[in-house]
Amino acid sequence: MTYVDSPVSLTATDGPGQPTPTPELDELYRDFEEELLVPLWTEIGDLMPSSPRPTAHGHAWRWQNLLRLARRSGELVPLGRGGERRAIALANPGLGGAPYATPTLWAAIQYLNPREDAPVHRHTQHAFRFVIEGTGVWTVVDGDPVAMRRGDFLLTPGWHFHGHHNESDEPMAWLDGLDIPFVHTTGSAFFEFGPDSISDRSTPARSRGEQLWAHPGLRPVSQPGPAGSSPLAAYRWEHTDAALADQLALEAAGHPGVVEAGHAAVRFSNPTTGGDVLPTIRAEMHRLLPGSTTATRREVGSAVWQVFDGTGVVRIGEQKFRVERGDLVSVPSWAPLTITATNGLDLFRFSDTPIFERLHADRVQVEGAPTCG
Ligand code: GTQ
Ligand code: FE2
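On a predicted model such as this, the values are computed, not experimentally measured, just so you know.

(A) Structural context of the overall build of the chain. Counting its regular elements, the chain contains seven helices and 20 strands. For 373 residues, the compact-globule estimate of 2.2 N^0.38 gives 21 Å, and the C-alpha radius of gyration of the chain, at 23 Å, lies within 12% of that figure. For the chain, the C-alpha atoms occupy an extent of roughly 75 × 55 × 45 Å along the three principal directions. Put simply, of all contacts in the chain between residues at least 6 apart along the chain, 75% involve residues at least 24 apart. By element, 55% of the accessible surface of the chain is carried by carbon and sulfur atoms, the whole surface being about 18,200 Å². Computing the positive centroid from 31 side-chain charges and the negative centroid from 45, the chain places the two 7 Å apart.

Now the structure itself:
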């Protein structure tokens, strides 16, 4: 890879707690460099700030641009063993050209031509798919075919074999989210090719995993648990949509404590624990009523949002992005985030929060009351 880590500077020579520059000091710093040593006192402001100062930026990617480029890739780039996936990753402008949406999260548009297969493989990276439009692809996870349709949230937890096949005469594109940057940085990546062809090419509306696990509040007695990742490979839009609609109906009927003003939200959860769907990734769906504005919130950990429906304005600190269906926004750690719905706004969100909760390093700060127009 050609991208660079943020350069370490040995040039801090003034400011509080810095020594007087002398030829001897220059020589000391040169000798540090030669021995591959770095003193804390020149770096402390950057390494140990009073609150997080991430190098990643807030940034918006336009779905229509991603889709145009994915279509061109569909014409030029064959799909098969070795390249594995026609996936094009968002590269955060603050991360030196790495294919990282945030320091821990990968977000990519993946594209399958009509009747095309993506080969079977497995890896330690945890993955999900979120479908913004289209239908006709099945992702086969450990031999269980899972239909992909608009609004569905689909899981491929680490080390499960998976391949995708498009059974329709239309191309299909969707959002992939993985913890690739986290796994890369921590040196924990393993990968294996699977069989040369997809074992089960049947096209059921519901997967076997859903037959077992997709019944609210009912756990199959035969199945072990608790499990670190959710055993449910598909969270269907009809359920997510109904949950959000019911929250807003309760608010409209005057029940307090259900939603922030005009802002319904659900978290996709692991039915064996009630916790997050994947050990490293949290995923949520949010619905804002027309004219409503969220409270301004910042939290430790980074996130990516995708507009599922509607239009709105996303504010990250001083930055302001107008967004519409499919657009993606990266939100750095501890950046103040406010979202306003121009008309009704449905948003998908994923973040690395479970990592920080496990490390007891999670923090949240909420400012300003939410408003409902
Ligand atoms: O669909 O299996 O965007 O392995 C990146 C890595 C998708 C996938 C990505 C992958 C996949
Ligand atoms: Fe994969």
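(B) Expanded view of the sheet that holds strand 11 (residues 191-193). Pairing in this open sheet of five strands is antiparallel, and the strands run 7-6-9-4-11 from one edge to the other. For this open sheet the edge positions go to strand 7 (144-149) and strand 11, each flanked by a neighbour on one side alone. When the angles between neighbouring strand axes are averaged without regard to direction, this sheet yields 25°.

(C) Looking closely at the coordination of the iron ion (ligand 2). Taken together, His-121 (NE2), His-123 (NE2) and His-162 (NE2) make up the full set of protein donors to the iron ion (ligand 2), lying 2.1 Å away. Here the donor residues of the iron ion (ligand 2) are spaced in sequence according to H-x1-H-x38-H. Of this pair, His-121 sits in strand 4 (residues 117-123) while His-162 is found in strand 9 (residues 162-166), placing the two residues 41 residues apart along the sequence. Take His-121 and His-162: they sit in the same class, and that class is buried.

(D) Examining a negative patch on the surface more closely. Among the surface-exposed residues, Glu-24, Asp-26, Glu-27, Asp-31, Glu-33, Glu-34 and Glu-35 lie close enough to one another that they form a single negatively charged patch. Tracing the backbone through its elements, the reader meets Glu-27 in helix 1 (residues 23-34).

(E) Region of the structure containing the nonpolar core. In terms of nonpolar packing, the biggest core is built from 38 residues, with Phe-128, Phe-130, Phe-153, Met-285, Phe-348 and Phe-350 touching the most fellow members. The biggest single contributor to this core is helix 3 (residues 63-76), with four residues. Residue contacts for Phe-128: discarding those within four places in its chain leaves Phe-153, Leu-154, Leu-155, Leu-175, Asp-176, Gly-177, Ile-281, Phe-348 and Phe-350. Counting 17 residues, the second largest nonpolar core, distinct from the first, contains Ala-60, Trp-305, Val-331 and Leu-345.

(F) Quick look at the site of ligand 1. Neighbouring ligand 1 are 13 residues, the closest being Arg-85, His-123, His-162, His-164 and Asp-176. Gln-110 places a polar side-chain atom, nitrogen or oxygen, 3.0 Å from an oxygen atom of ligand 1. Side-chain polar atom of His-121 to an oxygen atom of ligand 1: 3.0 Å apart, as the coordinates give it. Starting from 290 Å² of accessible surface for ligand 1 in isolation, the protein chains cover 92%. Elements with a contribution of two residues or more to the shell around ligand 1: strand 3 (106-112), strand 4, strand 9 and strand 10 (172-178). The biggest single contributor to the shell around ligand 1 is strand 3, with three residues. Counted by class, the shell around ligand 1 contains five nonpolar, five polar and three charged residues.

(G) Structural detail: the side chain of Ser-302. Inspection of the secondary structure puts Ser-302 in the loop between strand 15 (296-299) and strand 16 (303-316). In this structure the side chain of Ser-302 is engaged in a polar contact, spanning 2.8 Å, whose partner is the side chain of Thr-102. Within polar-contact distance, the side chain of Ser-302 engages the side chain of Thr-104 at 3.4 Å.

(H) Molecular detail of the environment of Leu-212. Among the secondary structure elements, Leu-212 is positioned in helix 5 (residues 208-213). Sequence-distant contacts of Leu-212, that is, excluding residues within four places in its chain, are made with Pro-220 and Gln-223.

(I) Quick look at the packing of aromatic side chains. Applying the stated criterion across every chain, the model contains 15 aromatic pairs. For the pair Phe-32 and Trp-41, a centre-to-centre distance of 6.1 Å together with 65° between the ring planes defines the contact as edge-to-face. Note on Phe-128 and Phe-350: the rings are 4.7 Å apart at their centroids and 75° apart in plane angle, and the pair reads as edge-to-face. You can see Phe-128 sitting in strand 5 (residues 127-130) and its partner Phe-350 sitting in strand 19 (residues 337-351), a full 222 residues away along the chain. Taken as a pair, Phe-128 and Phe-350 share a single burial class, namely buried.

(J) Region of interest: the pattern of salt bridges. With the rule as written, the count across this model stands at 23 salt bridges. Among the salt bridges present, the one from Asp-169 reaches Arg-115, with a minimum N-O distance of 3.1 Å. Residue Asp-169 is located in the loop between strand 9 and strand 10, and its partner Arg-115 is located in the loop between strand 3 and strand 4; the two are separated by 54 residues in the primary sequence. You can call Asp-169 exposed: its relative accessible area is 57%. By relative accessible area, which is 48% here, Arg-115 ends up partly exposed. Of the charged contacts in the structure, one is a salt bridge between Asp-117 and Arg-201, with a shortest N-O distance of 2.8 Å. With a gap of 84 residues between them, Asp-117 in strand 4 and Arg-201 in the loop between strand 11 and helix 5 connect regions that are remote in the sequence. Here Asp-117 falls in the partly exposed class, since its relative accessible area comes to 29%. A relative accessible area of 39% means that Arg-201 is categorised as partly exposed.

(K) Looking closely at the sheet that holds strand 10. Strand order in the open sheet formed by six strands is 2-3-10-5-8-12, and the pairing between neighbours is antiparallel. Both edges of this open sheet fall to strand 2 (87-89) and strand 12 (234-235), since each of them pairs with a single strand only. As paired elements, strand 5 and strand 10 share four bridges and run antiparallel to each other. Across the sheet, residue Ala-127 finds its bridge partner in strand 10, namely Leu-178. Contacts from helix 3 reach strand 2, strand 3 and strand 10 within the one sheet, and its direction differs from that of strand 3 by about 50°.

The rules behind the values
- Residues numbered from 1 in each chain as written.
- Chains lettered and ligands numbered in written order.
- Predicted model: local features only at pLDDT ≥ 70, side-chain atom pairs only at ≥ 80, totals over all residues.
- Heavy atoms only, no water.
- Helix = DSSP H or I, 4+ residues; strand = E, 2+ residues; numbered from the N terminus.
- Rg over C-alpha atoms; globule rule 2.2 N^0.38 Å.
- Contact = heavy atoms within 4.5 Å.
- Areas by Shrake-Rupley, 256 points an atom, 1.4 Å probe, with all protein chains shown as cover.
- Lys, Arg positive; Asp, Glu negative; His and termini not counted.
- Charge placed at Lys NZ, Arg CZ, Asp CG, Glu CD.
- Pairing = 2+ DSSP bridges.
- Axes fitted to C-alpha atoms, helices over the stretch in contact; angles between N-to-C directions.
- Donors = N, O, S within 2.8 Å, 3.2 Å for Na, K, Ca; no water.
- Buried < 20%, exposed > 50% of the residue type's maximum accessible area, 1.4 Å probe, protein only.
- Patch = residues over 30% accessible without salt bridge, like charges linked within 9 Å, V, L, I, M, F, W, Y side chains within 5 Å.
- Salt bridge = Lys/Arg side-chain N within 4 Å of Asp/Glu carboxyl O.
- Core = buried A, V, L, I, M, F, W, Y, C linked by side-chain atoms within 4.5 Å.
- Near = heavy atom within 4 Å.
- Polar contact = N/O pair within 3.5 Å; in protein donor to acceptor, adjacent residues only side chain to side chain.
- Nonpolar A, V, L, I, M, F, W, Y, C, P; charged D, E, K, R; others polar.
- Phe/Tyr/Trp six-rings, centres within 6.5 Å; stacked < 30°, edge-to-face > 60°.

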